[in-house]
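# Observations on the model geometry
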Amino acid sequence: MENNNTLFTIAVFAENHVGLLNQLSIIFTRRCLNIESVSASQCSIPGVHKTTMTCYSDRATMEKVIKIIEKRIDVLKAFLYTDDEIVYQEVALYKVPTARLLDEENLEEIIRRHNARILEISRDNTIIEKTGHFDETQALFEELKHYDIRQFVRSGRVAITKSPQELVDKFLAEQEDRRRRIEN
């Protein structure tokens, strides 16, 4: 049995209608569950958007949440994953003073060691980007704190399954077959 410290990734495929994110967040709020991260964008299916959320909980609770999410009229299908079932990344941006970058030899070495890249350099600031898992972006943040970070932001998780077939495609094909059987 999984404990309450399991991080689950929830993938919600839905039509892109106003208020969906609010409806989803209410489902979590009513169960006293905190959404750790959220990201949303179009997916490979025309007219369908994918919202990816992460939440710490136990499997039984999260399976109930998935069933409730799927009752929303705009939602086509929702899936629940653990980290071993998906490939995922986050993007983090760090703004540090350019003078510190030029004056501190160690700062360049830190950026290289973390496989980060410099996106922009101005007289005042340098913007650094790091793509990776939460612990990787956090590790770079911890090291850059000593160099007067002026701004820091991290995206929500983006994820795709390791499954050879997109599960929502399979679901939609089954629904289409069902529709055809009913019409005949």
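It should be noted that the structure appears before, not after, this text.
In this convention, every chain numbers its residues from 1, walking through the sequence in written order. Local features in this predicted model are restricted to residues whose pLDDT is 70 or higher, and side-chain atom pairs enter the listing and the counts only when it is 80 or higher, whereas totals over whole chains, interfaces and linings include all residues. Each side-chain value is derived from all of the structure's non-hydrogen atoms; neither hydrogens nor water enter the calculation.

## Topic: the pattern of salt bridges
Each salt bridge in this description consists of a side-chain nitrogen of Lys or Arg and a carboxyl oxygen of Asp or Glu lying within 4 Å of one another. Using the criterion set out here, one finds 11 salt bridges in the structure. Here Asp83 makes a salt bridge to Arg157, at a shortest N to O gap of 2.8 Å. Of the two residues, Asp83 sits in the loop between strand E4 (75–81) and strand E5 (86–97) while Arg157 sits in the loop between strand E8 (151–154) and strand E9 (158–161), which places them 74 residues apart along the sequence. Linking Arg154 and Glu90 is a salt bridge whose minimum nitrogen-to-oxygen distance equals 3.9 Å. Placement of the pair is Arg154 in strand E8 and Glu90 in strand E5, with a sequence separation of 64 residues. Buried, partly exposed and exposed residues are distinguished by accessible area as a fraction of the type maximum, computed with a 1.4 Å probe on protein chains only: under 20%, between the cut-offs, and over 50%, respectively. Take Arg154: its relative accessible area is 23%, and that puts it in the partly exposed class. Note on Glu90: relative accessible area 7%, which makes it buried. Taken together, the shared-partner salt bridges in this structure form one network comprising Arg100, Glu104 and Asp148. Helical segments are the DSSP runs of H or I of at least four residues, strand segments are the runs of E of at least two, and each set is numbered from the N terminus.

## As for the nonpolar core
By convention a nonpolar core is built from buried Ala, Val, Leu, Ile, Met, Phe, Trp, Tyr and Cys residues, the set being connected through side-chain atoms within 4.5 Å. Counting 18 residues, the largest nonpolar core has Ile10, Val12, Phe28, Met62, Val65 and Ile69 as the members making the most contacts within it. Of all elements in the fold, only strand E1 (6–15), helix H1 (20–30), strand E3 (48–57), helix H2 (59–70) and E4 reach the threshold of two or more residues within this core. Every residue pair with non-hydrogen atoms within 4.5 Å of one another is taken to be in contact. Filtering out sequence-adjacent residues up to four positions away, Ile69 remains in contact with Ile10, Val12, Leu24, Ile27, Phe28, Val75 and Ala78. Counting residues in each nonpolar core, the second largest holds 13 residues, with Ala92, Tyr94, Ile111 and Leu140 among its members.

## Some details on the packing of aromatic side chains
Where two aromatic rings form a pair, the distance of their centres and the angle of their planes describe that pair. Pairing of aromatic side chains requires ring centres within 6.5 Å, counting the rings of Phe and Tyr and the six-membered ring of Trp. Pairs whose planes differ by under 30 degrees are stacked, by over 60 edge-to-face, and all others tilted. Across all of its chains, the model carries 4 aromatic pairs by this definition. Seen from their ring centres, Phe79 and Tyr81 are 6.3 Å apart, and the 25° between their planes marks the pair as stacked. Tyr81 shares its class with Phe79; the two are buried. Taken together, a centroid distance of 4.4 Å and an interplanar angle of 35° make the contact between Phe141 and Phe152 tilted. Placement of the pair is Phe141 in helix H5 (residues 134–144) and Phe152 in strand E8, with a sequence separation of 11 residues. On the basis of relative accessible area, Phe141 is assigned to the buried category, the value being 17%. Residue classification places Phe152 among the partly exposed positions, given a relative accessible area of 29%. Cluster of aromatic residues (ring-pair linked, three or more members): Phe13, Phe79 and Tyr81. For a ring to carry a charge above it, either NZ of a lysine or CZ of an arginine must fall within 6 Å of the ring centroid while also lying within 35 degrees of the normal to the ring plane. Arg157 extends its terminal NZ or CZ atom over the ring of Tyr88, reaching a point 3.7 Å from the ring centre.

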